[in-house]
Amino acid sequence: TSDKWPSKADLQKEIKRQFPDLHSQSAQQTVGDFCEAINSAESLSKKGEPFNYPHKKATYRQVIFTNQGAKVRDGSLILPCGKAGKLAIRIPKGVVLPGRLMEVRLNYGSIEIVCRVADEPRGGGPTIGIDLGVNTVIAATDGERAVLIGGREIKATVQLRNKQLAEICSEQSRKTKGSRRHKRLQRRKYRMLEKSANKIRDLCHKATRKVADAFPNAKAYVGKPFNDACRTIGRRQAQTVSSACNRKIINLLNYKLAAAIEVEEAYTSQTCPVCGQRSKHCRTYRCRCGFEAPRDVVGCSNIRAIGIGGQMQIGCPLPNTIHFVHPSKYPGPKPGSRADTTQVAREQPREAAGL
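Read on for a plain summary of the structure.

Rules of the game
Residues numbered from 1 in each chain as written. Predicted model: local features only at pLDDT ≥ 70, side-chain atom pairs only at ≥ 80, totals over all residues. Heavy atoms only, no water. Helix = DSSP H or I, 4+ residues; strand = E, 2+ residues; numbered from the N terminus. Buried < 20%, exposed > 50% of the residue type's maximum accessible area, 1.4 Å probe, protein only. Contact = heavy atoms within 4.5 Å. Areas by Shrake-Rupley, 256 points an atom, 1.4 Å probe, with all protein chains shown as cover. Axes fitted to C-alpha atoms, helices over the stretch in contact; angles between N-to-C directions. Parallel < 35°, antiparallel > 145°, perpendicular 65-115°, else oblique. Left-handed = near helix turned anticlockwise from the far one by under 90°. Salt bridge = Lys/Arg side-chain N within 4 Å of Asp/Glu carboxyl O.

This next bit is on the overall build of the protein. When helices and strands are counted, the protein shows seven helices and 15 strands. Of all 355 residues assigned to the protein, the portion counted as buried reaches 34%. In the protein, the share of contacts with a sequence separation of at least 24, taken over all contacts with a separation of at least 6, comes to 60%. In the form shown here, the protein has an accessible surface area of approximately 22,400 Å², with 50% of it arising from carbon and sulfur atoms.

Quick look at the structure:
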């Protein structure tokens, strides 16, 4: 808390003095909510954004009981109330808590019970491998077909955000802190950051939805993101790689698919899945053995083999069909485009795929 406000311990003692019938855990939750509201107001004040304090005292307030105080005994919900004793509420017959009791919220005329419910096992779908990148934000395959989702729009949004942020910070450094122009630039910076974050989040949702629709209820093995390669590449490329939203995409895939399990992806895009030779290539992987495919397809195929067998395997299943998809807002071709680029399927020769 701020220096002008008392500490949490002093606030809790004051609440217990004024309300002796309140449980200690409930008093602690009330103090936590109060401190969180104060910190939020101070943060909005520093950013120059509008905020309002409560203009009147509430007649009723929600009381929160944690699982350290609230108990379920013999079909009744027991709520401790400090010196006043305990409040017993009979649970209706046939009502069974779906999981472990975590929190009870006592409102005016109603009770809210929060329980922790174990995730139900999902499955029944294929096993896929996913390689995350920058130009191709997601490359997924189940061994028969591959889906490559373009990420250049996300990359351009991140680059524009970094450029605008540098311009605003450079202009703001020449203004006096706390002045009207400094606050105006501060509000402009936060509006720009919010707008770019919303666009990136929207594109990530659309990209992961493409994968979930292509492979429903699939168990996915995803390459673990790392930024160690940024130390050996150029400044602009390092900024692009470090600004990639790989962790956000993994979290989205984890609840849209059956599971998203992270595995090591070292040299997965450099190892030929047909002969096992390792070599560096650009966007298209061309091996000496005659195998040719997009580098992202090679990476996701090897990641799938690592997830299933624990290591890269020679002669692992490779996709015959490759779909190039853009996470665009509109399903049809963009205005002014000559052809539909939202989804293009290309058949690979079975000999080149090593099948």
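This is not the end of the story, as more comes after the structure.
Moving on, we get to the packing of helix H4 (residues 180-214) against helix H6 (residues 246-256). The packing of two helices is summarised by the inter-axis angle and the distance between the axes. With their axes 10 Å apart at the nearest point, H4 and H6 run at an angle of 40 degrees to one another. Between H4 and H6, the angle is such that the two are oblique. H6 is crossed by H4, and the crossing has right-handed handedness. Taken together, the residues of H6 that come into contact with H4 (itself represented by Ile 200, Cys 204, His 205, Thr 208, Arg 209, Val 211 and Ala 212) are Lys 248, Ile 249, Leu 252, Leu 253, Tyr 255 and Lys 256.

Opposite charge on two side chains permits pairing when their charged atoms draw close. Counting across every chain of the model gives ten salt bridges. In this structure, the salt-bridge partner of Arg 17 is Glu 14, at a minimum N-O distance of 2.5 Å. With a gap of three residues between them, Arg 17 and Glu 14 both fall in helix H1 (residues 8-18), about one helical turn apart. Using a relative accessible area of 57% as the deciding quantity, one classes Arg 17 as exposed. When its relative accessible area of 31% is taken as the criterion, Glu 14 is described as partly exposed. The salt bridge involving Arg 209 is made with Asp 213; its shortest N-O contact spans 3.3 Å. Pair noted here: Arg 209 and Asp 213 are both in helix H4, with a separation of four residues, about one helical turn. Among the residues examined, Arg 209 registers a relative accessible area of 38% and is labelled partly exposed. Judged by relative accessible area, Asp 213 falls into the exposed class, the value being 53%. Through salt bridges with shared partners, a single network forms among Glu 103, Arg 105 and Glu 112.

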